[in-house]
Amino acid sequence: MNKQLLKDTIQQLFADNKGLLAMDESNPTCNKRFAKLGIPQTLALRCAYREMIVTTPGLHESIGGAILFDETIRQHLKDGTPFIKVLTDQGIIPGIKVDIGAKDMAGHPGEKITEGLDGLRNRLKEYAEMGLRFAKWRAVITIGDDIPTTACIEANTHALARYAALCQEVDIVPIVEPEVLMSGTHSLKRCYEVTEQVLKMLFYHLYQFNVDLEGIILKPNMVMAGTESEVQNSIDEVAKATIKCLLSSVPATVPAIAFLSGGQSPEDASAHLNAMHTNFKNSLPWILSFSFARAIQQPALDVWKGQQSNVIEAQKLLYQRAKFDATARQGKYKEEMEKTTV
Ligand code: 13P
């Protein structure tokens, strides 16, 4: 393991207030999002959509790294240039999602376990040779009646630690993503308790597996009430609970935290990140940034609709959303900005 290389990759990913763009939707997830908008679910259109994203002018101003899916790293522009090269030429580091999905956990109704460890060492070797310098593995924790169970949290965080150790073996920075889902009727307090329990268990396993904490990126959820909860909290309350929870469970040696958006509106995701910076800027030991998928892509996807004629308009929206999030990383985002074009 080249510890310095891991550290350098992380600093480069988040330099100049940048964040990450998650564009690593698996084919079923990407197809689901296309289907909702009546876009045909074909290989060609998935490729065209990703081409729209990677050729967005100025994307590199706010995005330091893009997480891709196995299908996408092998695709190229219509002119034959590989997507990986298009990104690298702009100074955007390409990364790769390496888990193979959250599957039903046996004996645990309503809970999931993420799979993909078998053969991972060889896959990572290939990815490293292709120039991919960071990876992602997403674990999913659901809040409900009597869940999550300790078994589910244990199994998922144990797998995250095994994955992280394998990544570091080949100098790939692991993004460690234990996502506590937003769906449910639970309160912010319950989300806090579960997120804290998950993170504490995660860092216990990372320690057990000799993972170098200075060579990982944590990708957590924000701490907020479930989407079906009758009580929703203010932007400042979410920011406060999230920072308190992270300070209590994430070691200061971790260099960077980059949030997932989890189904929040793009505006809320920007506002929450912004409030964390404006309200807590002097007590953050880590880089605090974003690694959003839906909160960056959704407005662009809604406009693109699978039509070449909409590409320029969609790219403007993608550029703008990424810019707002980079602005939020500096605590300079304001709601009024939503009415302007950048
Ligand atoms: P969202 O921002 O849409 O939650 O996606 C982040 C991600 O990469 C999930 O694994």
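Residues numbered from 1 in each chain as written. Predicted model: local features only at pLDDT ≥ 70, side-chain atom pairs only at ≥ 80, totals over all residues. Heavy atoms only, no water.

**Looking at the pairing of strand β6 (residues 134–141)**
Cut-off, in case you're wondering: Only protein chains enter the accessibility calculation, which uses a 1.4 Å probe; a residue is then buried when its area is under 20% of its type maximum, exposed when over 50%, and partly exposed in between. The helix and strand labels rest on DSSP assignments: H or I over at least four residues marks a helix, E over at least two residues marks a strand, and numbering proceeds from the N terminus. Two strands form a pair only when DSSP identifies at least two bridges running between them. Crossovers are marked right-handed if the path from the first strand over the helix to the second runs clockwise, as seen with the strands pointing away from the viewer.
With respect to burial, β6 is a largely interior element, seven of its eight residues being buried. Pairing geometry for strand β3 (residues 93–97) and β6, over three bridges, is parallel. If you follow Lys 97 over to β6, its bridge partner there is Lys 136. As defined by bridge partners, β6 adjoins strand β7 (residues 173–180) across eight bridges and the pair is classed as parallel. Its bridge partner being in β7, Ala 135 is matched across the sheet by Pro 174. The parallel pair β6 and β7 is bridged by helix α7 (residues 150–169), and the resulting crossover is right-handed.

**Structural notes on the site of the ligand**
Convention followed: Near residues are defined by distance, with any heavy atom within 4 Å of the molecule or strand qualifying the residue. Polar contacts, as used here, are pairs of N or O atoms within 3.5 Å; protein pairs need one atom able to donate a hydrogen and one able to accept it. Residues neighboring in sequence count only if both atoms are side-chain atoms. Using a 1.4 Å probe, the Shrake-Rupley method yields the accessible areas, and only the shown protein chains count as cover for residues. Charged means Asp, Glu, Lys or Arg here, nonpolar means Ala, Val, Leu, Ile, Met, Phe, Trp, Tyr, Cys or Pro, and polar covers whatever is left, Gly included.
Near the ligand you find Ala 22, Lys 136, Arg 138, Glu 177, Lys 219, Leu 260, Ser 261, Gly 262, Ser 291, Phe 292, Ala 293 and Arg 294, and these make up its full shell. A distance of 3.0 Å separates an oxygen atom of the ligand from a polar side-chain atom of Glu 177. With respect to the ligand, the side chain of Arg 294 contributes an N or O atom lying 2.7 Å from an oxygen atom. For the ligand, whose free accessible area comes to 300 Å², the fraction covered by protein is 94%. When the residues that make up the shell around the ligand are grouped by side-chain class, the tally is four nonpolar, three polar and five charged.

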